[in-house]
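Observations on the model geometry
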Amino acid sequence: MKVEQINVGNALRNFVYVLYNEPTRQAWVIDPYDAKQVANFLDAHQYKLEMVINTHLHFDHTKGNEELLKKYNSKLWDIHNPDDIELTPEWKLEVRKSPGHTMEHVVFALVNKAEQKGFFGGDTLFHNGVGNCKNGGKVEVLYETIQDLKSWVNPSALFYTGHDYGLSNLEFSLSHKPLEVYKKEVERLENSSTRVFPFDRELKTNIFLNVDREDFIELRKKRDNW
Ligand SMILES: [Zn+2]
């Protein structure tokens, strides 16, 4: 199973993910924004889109749903009854409820033979930050979700985030605490051609993963007004 990260190039800096299985030409999409971009990738490689999957229902994560469902006659994964998704006999997407950014948010682990290889964080977790709670979320609930994910996600799994917010999140982290680790991360991101890194990097560099409940709530508020 391979994963294509599509950088949408919109003002919100969304990432869309296409999972694809070369031997069977099957594909799945997570959080489609621009249907044409996704279709271009699928058609260029002659993949059949099996299913459209969303981490939550904000418009920038569902915008491409309808057009893709129609074009490929694909199934829409039911976020209201979230079940694990069997992709192939060897690969599955394991779903985990992750309320906080919205109350109906989920994240996924890409699992091969019981080992998490990837983690799709939607708008729950970004590089060096977490989602806001301004559009239907609750910050106290997001804190609990983040604690859950810290122990649920395999540290060596590749982390696929919903938006490219890493650098602005680091600027915020530096404005709060000018730590060397954040400065180094700015350099790393600036010099990196990829936006896919193992999850354990977040455990070390994400300020929101390393504070207690009270500070988390305070930091989220500060970030909203930054
Ligand atoms: Zn969102």
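Computed from a predicted structure; not experimentally measured.

Cut-offs used in this document
Residues numbered from 1 in each chain as written. Predicted model: local features only at pLDDT ≥ 70, side-chain atom pairs only at ≥ 80, totals over all residues. Helix = DSSP H or I, 4+ residues; strand = E, 2+ residues; numbered from the N terminus. Buried ≥ 20, exposed ≤ 12 C-beta atoms within 10 Å, placed from the backbone. Contact = placed C-beta atoms within 7 Å. Pairing = 2+ DSSP bridges. Axes fitted to C-alpha atoms, helices over the stretch in contact; angles between N-to-C directions. Parallel < 35°, antiparallel > 145°, perpendicular 65-115°, else oblique. Left-handed = near helix turned anticlockwise from the far one by under 90°. Core = buried A, V, L, I, M, F, W, Y, C linked by C-beta atoms within 7 Å. Arc of directions from axis to C-beta. Right-handed = clockwise from strand over helix to strand, strands pointing away.

A tally of helices and strands in the protein chain yields seven helices and 13 strands. Counting only C-alpha atoms and orienting by the principal axes, one finds that the protein chain spans roughly 50 × 35 × 35 Å. Burial statistics for the protein chain: of 226 residues in total, 40% are counted as buried. Here the analysis covers contacts within the protein chain between residues at least 6 apart in sequence; of these, 59% occur between residues at least 24 apart.

On to the pairing of strand 9 (residues 115–122). Each regular strand carries side chains that alternate between the two faces of the sheet. One ladder, built from five bridges, connects strand 8 (residues 106–112) with strand 9; its direction is antiparallel. Across the sheet, N112 pairs through a bridge with E115, a residue of strand 9. Hairpin connection between strand 8 and strand 9: a loop of two residues separates the two successive antiparallel strands, and K113 in this loop has a positive phi of roughly 50°. Relative to strand 12 (residues 158–161), strand 9 is paired through four bridges, and the arrangement is parallel.

This next bit is on the packing of helix 3 (residues 139–152) against helix 7 (residues 213–224). With their axes 10 Å apart at the nearest point, helix 3 and helix 7 run at an angle of 120° to one another. Taken as axis vectors, helix 3 and helix 7 run oblique relative to one another. With respect to the hand of their crossing, helix 3 and helix 7 are arranged in right-handed fashion. Contact residues: V139, E140 and Y143 in helix 3; R213, F216, I217 and R220 in helix 7.

Pairing within the open sheet is mixed, and its six strands lie in the order 6-7-8-9-12-13. For this open sheet the edge positions go to strand 6 (85–86) and strand 13 (197–198), each flanked by a neighbour on one side alone.

Here we take up the nonpolar core. Core analysis: the biggest nonpolar cluster contains 50 residues, and Y17, A27, V29 and F119 have the highest contact counts within it. The residues contacting F119, other than those within four sequence positions of it, are V107, A109, V153, A157, F159, Y160 and F199.

Time to look at helix 1 (residues 35–44). Every α-helix carries 3.6 residues per turn, so stepping three or four residues along brings you back to the same face. Where helix 1 is concerned, the buried positions are A35, V38 and L42. Across the axial projection of helix 1, the buried residues extend over an arc of 70°, all falling on one side. In helix 1, the exposed positions angled more than 90 degrees off the buried face are occupied by K36, N40, D43 and A44. Against strand 1 (2–7), strand 2 (15–21), strand 3 (26–30), strand 4 (48–53) and helix 2 (65–72) lie the buried residues of helix 1.

The backbone phi angle of Q46 is positive, close to 55°, even though this residue is not glycine. Examined against the element boundaries, Q46 turns out to sit in the loop between helix 1 and strand 4. You will see that A114, though not glycine, has its phi angle at about 70°, which is positive. Tracing the chain through its elements places A114 in the loop between strand 8 and strand 9.

This paragraph deals with the pairing of strand 4. The buried fraction of strand 4 amounts to five of the six residues, a majority that puts the element mostly inside the structure. Sheet analysis places strand 3 next to strand 4, joined by five bridges and oriented parallel. Counterpart to V29 in the pairing with strand 4 is V52. With helix 1 bridging strand 3 and its parallel neighbour strand 4, the resulting β-α-β unit is right-handed. Bridge analysis of strand 4 against strand 5 (residues 75–76) gives two bridges, and the strand direction is parallel. Bridge pairing in strand 5 links V52 to L76. A crossover connection joins strand 4 to the parallel strand 5 through helix 2; in handedness this β-α-β unit is right-handed.

What follows deals with the sheet that holds strand 5. If you trace the five strands from one edge of the open sheet to the other, you get 1-2-3-4-5, paired in mixed fashion. The sheet terminates laterally at strand 1 and strand 5, the two strands that pair on one side only. Sheet strands in contact with helix 1 are strand 1, strand 2, strand 3 and strand 4, and its direction is about 145° off that of strand 1.

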